[in-house]
Amino acid sequence: MPRPIQASISTSALSHNLDAVRRHLAQAAQAGAGVAPNVWAVIKANAYGHGIEAAVAGFSAAQGLAMLDLAEAVRCREAGWGGPVLLLEGFFQPADLELVDRYHLTASVHTREQLDMLAHSRLSRRVDIMLKLNTGMNRLGFAPEAYEGAYARARQLREQGQVGTIGKMTHFACADGSQGVAGQMQVFRDAIRGLNSDGPISVCNSAATLRYPDIAVANASPAHWVRPGICLYGASPFDDASATAYGLRPAMSLRSQIIGVQNIPAGADVGYGATFRAERAMRIGVVACGYADGYPRHAGTGTPIVVGGVRTRLVGRVSMDMLMVDLDPVPAAGIGTPVSLWGQDGPSVDEVASAAGTIGYELLCALAPRVPVKREP
C-alpha cells in the first residue's frame, strides 16, 4: 500500500480562477470605456507544480499560454493547444529556433545575441517576437537607451523575412508593494514613444493584473496582453490581500493521514532538535508528509493544519518524511484520520508559506515527484 499522501489538481478551479481574472479585467475595461486585454496564462515550472496537461485543460479559455521551457511548449502543442504560446525567456541557442519554427512559438527577445540568431536563421515561417524592455527590474531586457536600436533591428529582420509581429513587453518589480508600477510604467511609455504601434503590448503580471488592471485596458490599438501566473492557481501575489478576496479558489490540495499517535507528558520534547516542549500532557499526531514531499522544512510550531476537518497546529520540526501535529483540538483523531496540509479543505498555501517565511509560489512549485497527483474535474 502506498503512503497515504496525495495532491489533487482541480481543473475546474483553474478555469474558475481564469474566469475571475477575466471578469476583473472586463470591469476595468467597462469603467475606462476601453477594451479588456487578452490573457497569456502563465504555466511555467510545470504550471506552478500543477502539471502542463492540467493547465492546458483548465486554461482552455485563455487567448494564449506562456512558459519558459521549450519542452513544456511542445507538451502544450501535443496536448492540443493551438493558440499562441509565448516563451518568456525566448530561445537560448540557434538550434532552439528549429522548435520555435516547427511549433509556431512566440519568443521573448531580450538580448542582441538573440537578434543575431534570428538574423542567421533559415526558418519556414516568420517568428513572432516580444521585444523586452528593462524598466528597472534589472533582470532581462534591453536598457531604455538601447531599446530603440533593438526595435529598429527587429524591424529590419521583419523586412528580411525572419521576424513576424514585434510586440513590446516589460516586467514589474513592485506591483505587489507600496512602490507600485508608476515609475516603471513611465520608463516603458517613454521608451516606446514614437515606435510603431502595430504589435501587442504586455506589461502586467499577476499583481499588476489584479491591482492595476486599468493600465492593461487598451483604449486604442495595439492590443494589450496580461500575463497572470500565481493568481490563476488560487494563491495570492500580495502579503496584504488573500486569494479569496479576489474570488480565487485553490487548484492544488495536498492531503495525507495520521499514521501514528503519541501521548506525551508535560515537559516532553517533540521532533529533531527538541524545538517543541509540551507545557502540558498532550496527544501528538504523526502525519505522513515531510520536506521530501515538498512541505517546507522551515514551517515551525503554530503553522496551521487541518486534521479531521478541525484546524490545529504543527508542532516541532518538520522531518524528511513526517511532521507532527497537536491533536488536543481533535479528540476523535487517530490512525487514518485525514489531514489537509493546504488547499480546498485546509489552510491556504499562502498561510503555510507565511509561517515558513516564504511564498506560496515556492510551495506549489516544490511539490515532490514522489507525491502521487490526482487530476480532478
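Here, the structure is the one placed above.
Draft legend 1. Up close: the overall build of the protein. Counting secondary structure elements, the protein contains 11 helices and 18 strands. Dimensions along the principal axes, computed over C-alpha positions, put the protein at roughly 80 × 40 × 35 Å. Taken over 377 residues, the protein has a buried fraction of 53%. Considering only intrachain contacts with a sequence separation of at least 6, the fraction spanning at least 24 residues in the protein is 64%. Accessible surface computed for the protein: about 16,100 Å², of which carbon and sulfur atoms make up 51%. Side chains of the protein give 33 positive and 32 negative charges; the mean places of these two sets differ by 2 Å.

Draft legend 2. Spotlight on unusual backbone geometry. Of note, the phi angle at His 104 is positive, near 55°, even though the residue is not glycine. Inspection of the secondary structure puts His 104 in the loop between α5 (96–102) and β5 (106–109). Backbone geometry at Ala 274 places phi at a positive 50°, although glycine is not the residue there. With respect to the element layout, Ala 274 can be found in the loop between β11 (269–270) and β12 (276–277). What makes Ala 274 partly exposed here is its relative accessible area of 37%.

Draft legend 3. Structural context of the packing of aromatic side chains. Across all of its chains, the model carries 6 aromatic pairs by this definition. Ring centres of Phe 59 and Tyr 233 lie 5.7 Å apart, and the angle between their planes is 80°; on these two criteria the pair is classed as edge-to-face. Residue Phe 59 is located in the loop between α3 (52–58) and β3 (64–67), and its partner Tyr 233 is located in the loop between β9 (224–226) and β10 (252–264); the two are separated by 174 residues in the primary sequence. Here the aromatic rings of Phe 238 and Tyr 246 are separated by 5.9 Å at their centres, their planes lie at 35°, and the arrangement is tilted. Overall, the relative accessible area of 24% leaves Tyr 246 in the partly exposed class. Its end group placed over the ring of Phe 238, Arg 211 keeps NZ or CZ at 3.9 Å from the ring centre.

Draft legend 4. Quick look at the side chain of Thr 135. Among the secondary structure elements, Thr 135 is positioned in the loop between β6 (127–132) and α7 (144–160). A distance of 2.9 Å separates the side chain of Thr 135 from the side chain of Thr 170, its partner in a polar contact. With sequence-adjacent residues up to four places away left out, Thr 135 is seen in contact with Thr 170, His 171, Gln 184, Val 187 and Phe 188.

Draft legend 5. Layout of the pattern of salt bridges. Taken as a whole, this structure holds 18 salt bridges when the rule is applied. One salt bridge in this structure joins Arg 3 and Asp 293, with 2.9 Å as the shortest N-O distance. With Arg 3 in the segment before β1 (6–10) and Asp 293 in the loop between β13 (282–287) and β14 (304–307), the pair connects residues that are 290 residues apart, well separated along the chain. Looking at Asp 293, the relative accessible area reads 0%, which means it is buried. A salt bridge links Glu 113 to Arg 112; its shortest N-O distance comes to 3.7 Å.

Draft legend 6. Fine view of the side chain of Thr 303. Tracing the backbone through its elements, the reader meets Thr 303 in the loop between β13 and β14. From its side chain, Thr 303 meets the backbone oxygen of Gly 300 in a polar contact 2.8 Å long. Setting aside its immediate chain neighbours within four residues, Thr 303 contacts Tyr 295, Thr 312, Arg 313, Leu 314, Val 352 and Ala 355.

Draft legend 7. Structural context of the pairing of β13. Burial analysis of β13 places 5 of its 6 residues in the buried class, the great majority of the element. As judged from the 6 bridges shared by β10 and β13, these two strands associate in the antiparallel manner. Bridging across to β13, Ile 264 finds its partner in Met 282. One ladder, built from 4 bridges, connects β13 with strand β16 (residues 323–326); its direction is antiparallel. Each residue of the ladder has a partner; that of Gly 285, found in β16, is Val 325.

Draft legend 8. Broad picture of the environment of Ala 268. Within the secondary structure, Ala 268 is located in the loop between β10 and β11. Sequence separation between Ala 268 and Ala 31 is 237 residues; the distance between their C-alpha atoms is 61 Å. Among all residues touching Ala 268, those that are not within four sequence positions of it are Phe 276, Arg 277 and Ala 278.

Draft legend 9. Main features of the nonpolar core. Counting residues in hydrophobic clusters, the biggest one holds 115 residues, and the most contacted among them are Ile 43, Phe 59, Tyr 295 and Leu 323. Excluding residues that lie within four positions of it along the chain, Leu 323 makes contacts with Gly 285, Val 286, Val 287, Cys 289, Tyr 295, Ile 305, Leu 314, Val 318 and Leu 341. Core analysis: the next-biggest nonpolar cluster, separate from the first, contains 10 residues, Ile 264, Phe 276, Met 282 and Val 315 among them.

Calculation criteria
Residues numbered from 1 in each chain as written. Predicted model: local features only at pLDDT ≥ 70, side-chain atom pairs only at ≥ 80, totals over all residues. Heavy atoms only, no water. Helix = DSSP H or I, 4+ residues; strand = E, 2+ residues; numbered from the N terminus. Buried < 20%, exposed > 50% of the residue type's maximum accessible area, 1.4 Å probe, protein only. Contact = heavy atoms within 4.5 Å. Areas by Shrake-Rupley, 256 points an atom, 1.4 Å probe, with all protein chains shown as cover. Lys, Arg positive; Asp, Glu negative; His and termini not counted. Charge placed at Lys NZ, Arg CZ, Asp CG, Glu CD. Phe/Tyr/Trp six-rings, centres within 6.5 Å; stacked < 30°, edge-to-face > 60°. Lys NZ or Arg CZ within 6 Å of the ring centre and 35° of its normal. Polar contact = N/O pair within 3.5 Å; in protein donor to acceptor, adjacent residues only side chain to side chain. Salt bridge = Lys/Arg side-chain N within 4 Å of Asp/Glu carboxyl O. Pairing = 2+ DSSP bridges. Core = buried A, V, L, I, M, F, W, Y, C linked by side-chain atoms within 4.5 Å.

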